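# Geometric and topological summary
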Amino acid sequence: MRKLALSDEILLGVDKAARYIGGEVNSVMKNLDGIDVRVAFCFPDVYEIGMSNLGMMLLYNMFNKRPDVWCERVYSPWLDLDKLMREQNIPLFALESQDPVRDFDFLCITLGYEMCYTNVLQTLDLSQIPLKAADRDESCPIVIGGGACAYNPEPLAAFFDLFYIGEGETVYDALFDAYKANKEAGGSREEFLLKAAQIPGIYVPAFYDVTYKEDGTIASFAPNRPGVPEKVQKQLIVDMDKGYCPIEKPVVPFIKATQDRVTLEIQRGCIRGCRFCQAGMIYRPLRERDVEELKESARAMLKNSGHEEISLSSLSSSDYTHLEELVNFLIDEFKSAGVNISLPSLRIDAFALDVMSKVQDIKKSSLTFAPEAGSQRLRDVINKGLTEEVILHGAHEAFVGGWNRVKLYFMLGLPTETEKDMKGIAHLAERIAEEYYDTVPKEKRHGKVQIVVSTSFFVPKPFTPFQWAPMYTEQDFIDKAKVVKEEIRAQLNQKSIKYNWHEPDVTTLEGFLARGDRRASEVILKAYEKGALYDAWSESFRYDIWKEAFAETGIDIEFYTLRERSTDEILPWDFIDAGVTKEFLIREWKQAKGEVVTPNCRQKCAGCGARRYEGGVCYEGKN
């Protein structure tokens, strides 16, 4: 019988106590006898969010297939429990064993969103692990960062012992083996980190030095130890049939997760080449999973979890070659069992609408379009590959099929944006509304068309063609949103169109954290010490704290957000080889300014550099 880390009194006094007790169906329990490596795997947000994270689920499953490794889960305590743990000196614990995180060999933290960075410090602090890597001794776990945000690890470099760059399935075994060998030989923490730094994909910040020019830009970035590589190479699975470790028994949460369903990853990467999209660049090349394996995975996961919904995960599901076969199989196989099928990232075409009409309640569901920009000119700038004709045709087909609710997603603040582009958002929404009234006879309408327009503000991300682009001030973002709002108000069918937008202060901070260098860690630490936590949650985000942190550290946020970078400048993440070459990104940056569209990977190779991996879409039909 496990002893819970929290007393009944504490559990009864906090919101959603089931977040902290573990013991869920399919969670992995092991006998510590024979376990050589203990891994605490943390998602630095609440349980409900973390339990929906596919990357964490995949690695939890993979690590625990090794008999000598036990991987357990850790999530950020919500604010109520955070307060009690500090007051009563209760160390942060892993869910499965309820043991303190500080007793583990590794603490792996997945970094999916910049606004979780203060939660990373919360994890270390509550675990009673020194916040800075330089202050840790032999008794501390090795702290590893990974995930999309690890492609610019520098803002967090002070807090991590090492970072894993790329897809986790590839070299973690080598890392665990090196740890075991070092431990058996009586080696030190330092000796292990030196061995780790020589494993492909591993970055140890302490083994690199950065110098700066008078203007604040980076002068040099170089290893300070022999045997440490100048470039850290992204790791990825080339063959999804051989290297992928499918999940057969997903952990079933005790409380409703944000995405309360089975997630089936059908492919990795994307052919589209949207110039704002980091995931579309860093996960290149596109690699598909075998359709027969997907069918078996779907059967196993639904059987072993009891979930009543399955989601097909991909950056662009419509580009999966066998999508129609897979979807029809799922409908035929599981419809009688009442299993719903979720199809995110799907282009709205005749097939998609046919499928959705079979798996959704049309009267209750809405369709999502993501034009991203209000004019064709700006869609060409960002390489969206979506024309107004295609958007309106998709809307037409949807309205004929019985839908009358549409969500439209756009970005404001994109490079080269003009007032005409902003107003174009309102005009496109209006044309879609008109399409409804032109398409559906009055006697067949289910009420008025309902269109919700949402705009977020553009944030340039590393390893995208827009990584050199300037951002705007908070006031600029507000003014842009006002242009859209006023233009929507002026439309004839304004009562059918609702408009909402993202917070500009969060966007500005995200922009700083996304492209920051090592000096950013001073601001993150100061903000955390002042009480910043759960910055991704509007109810707990306090920008005033961050403004104080910038003032007290002397770091100028505008240096990181407002200026356009030269393509000759050394960027904080230039030491990482993410598969796409800098030459390609520069070429795409110039193409964007020239409003030139680059064909997708299946139409024509753009020479991005991903062909070196000798797999995926780059080699389709060539073997």
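Structural data are supplied above this passage.
A brief structural summary. (Residues numbered from 1 in each chain as written. Predicted model: local features only at pLDDT ≥ 70, side-chain atom pairs only at ≥ 80, totals over all residues. Heavy atoms only, no water.)

## A word on the overall build of the protein chain
For clarity, the threshold we go by: Here a helix means four or more residues in a row that DSSP labels H or I, a strand means two or more in a row labelled E, and each is numbered from the N terminus. Only protein chains enter the area calculation, which uses a 1.4 Å probe; residues under 20% of their type maximum are buried, those over 50% are exposed, and those in between are partly exposed. Only heavy atoms matter for contacts: two residues are in contact if any of them lie within 4.5 Å across the pair. The protein chains shown are the only cover counted for residues, whose accessible areas, like all others here, come from Shrake-Rupley with a 1.4 Å probe. We score Asp and Glu as negative and Lys and Arg as positive, and we do not count His or the chain ends. The atoms used to mark charge sites are NZ of Lys, CZ of Arg, CG of Asp and CD of Glu.
Helix and strand content of the protein chain: 21 helices and 19 strands. In terms of overall dimensions, the protein chain has a C-alpha envelope of 75 × 65 × 60 Å along the principal axes. Buried positions account for 57% of the 623 residues belonging to the protein chain. In the protein chain, the proportion of contacts linking residues at least 24 apart, taken out of those at least 6 apart, comes to 77%. Here the protein chain has roughly 25600 Å² of accessible surface; of this, 49% comes from carbon and sulfur atoms. Seen as two clouds, the 77 positive and the 96 negative side-chain charges of the protein chain have centres 3 Å apart.

## Topic: empty space enclosed by the protein
Put simply, the rule is: Detection works on a 1 Å grid of protein atoms alone, calling trapped sets that fit a 1.4 Å probe cavities and calling open sets with protein on both sides within 12 Å along at least five of seven lines pockets, with lining residues defined by an atom within 4 Å of a point. Grid points are joined across faces, edges and corners, and a volume is the space filled by probe spheres set on the points. In this classification, Asp, Glu, Lys and Arg are treated as charged, Ala, Val, Leu, Ile, Met, Phe, Trp, Tyr, Cys and Pro as nonpolar, and every other residue, Gly included, as polar.
Applying the stated rule across the entire model yields six cavities of 30 Å³ or more. Considered as a void within the structure, the largest cavity measures approximately 110 Å³ in volume. A breakdown of the residues in the lining of the largest cavity according to their chemical character gives nine nonpolar, four polar and two charged. Around the second largest cavity, the lining residues are Arg19, Tyr20, Val46, Tyr47, Val74, Tyr75, Ser76, Pro77, Leu81, Leu92, Phe93 and Leu95. Taken together, the residues of the lining of the second largest cavity break down into 10 nonpolar, one polar and one charged.

## Remarks on the pattern of salt bridges
Basically, it comes down to this: Here a salt bridge means any side-chain nitrogen of Lys or Arg lying within 4 Å of a carboxyl oxygen belonging to Asp or Glu.
Inspection of the entire model under this criterion finds 50 salt bridges. Residue Glu417 is joined to Lys480 by a salt bridge in which the shortest nitrogen-to-oxygen separation is 2.7 Å. Here Glu417, found in the loop between strand 16 (405-412) and helix 15 (419-439), pairs with Lys480, found in helix 16 (residues 474-489); they are 63 residues apart in sequence, far enough to count as distant. When sorted by exposure, Glu417 lands in the same class as Lys480, which is buried. One salt bridge connects Lys461 with Glu510, and the closest N-O pair in it is separated by 3.1 Å. Of this pair, Lys461 sits in the loop between strand 17 (450-457) and helix 16 while Glu510 is found in helix 17 (residues 504-514), placing the two residues 49 residues apart along the sequence. Classification of Glu510 as buried rests on a relative accessible area of 10%. A single salt-bridge network, built from bridges that share partners, covers Asp36, Arg66, Asp68, Asp173, Asp177 and Lys180.

## Some thoughts on the sheet that holds strand 3 (residues 106-110)
Formally: Paired strands, as defined in this entry, are two strands with at least two bridges between them according to DSSP.
In spatial order, the strands read 2-1-3-4-5-6; together these six strands make up an open sheet with mixed pairing. Taken across any chain shown, the strands that pair with only one partner, and hence form the sheet edges, are strand 2 (69-75) and strand 6 (202-203). When strand 1 (residues 37-43) meets strand 2, the two strands line up parallel, connected through seven bridges. Paired with Val37 across the strands is Val69, a residue of strand 2.

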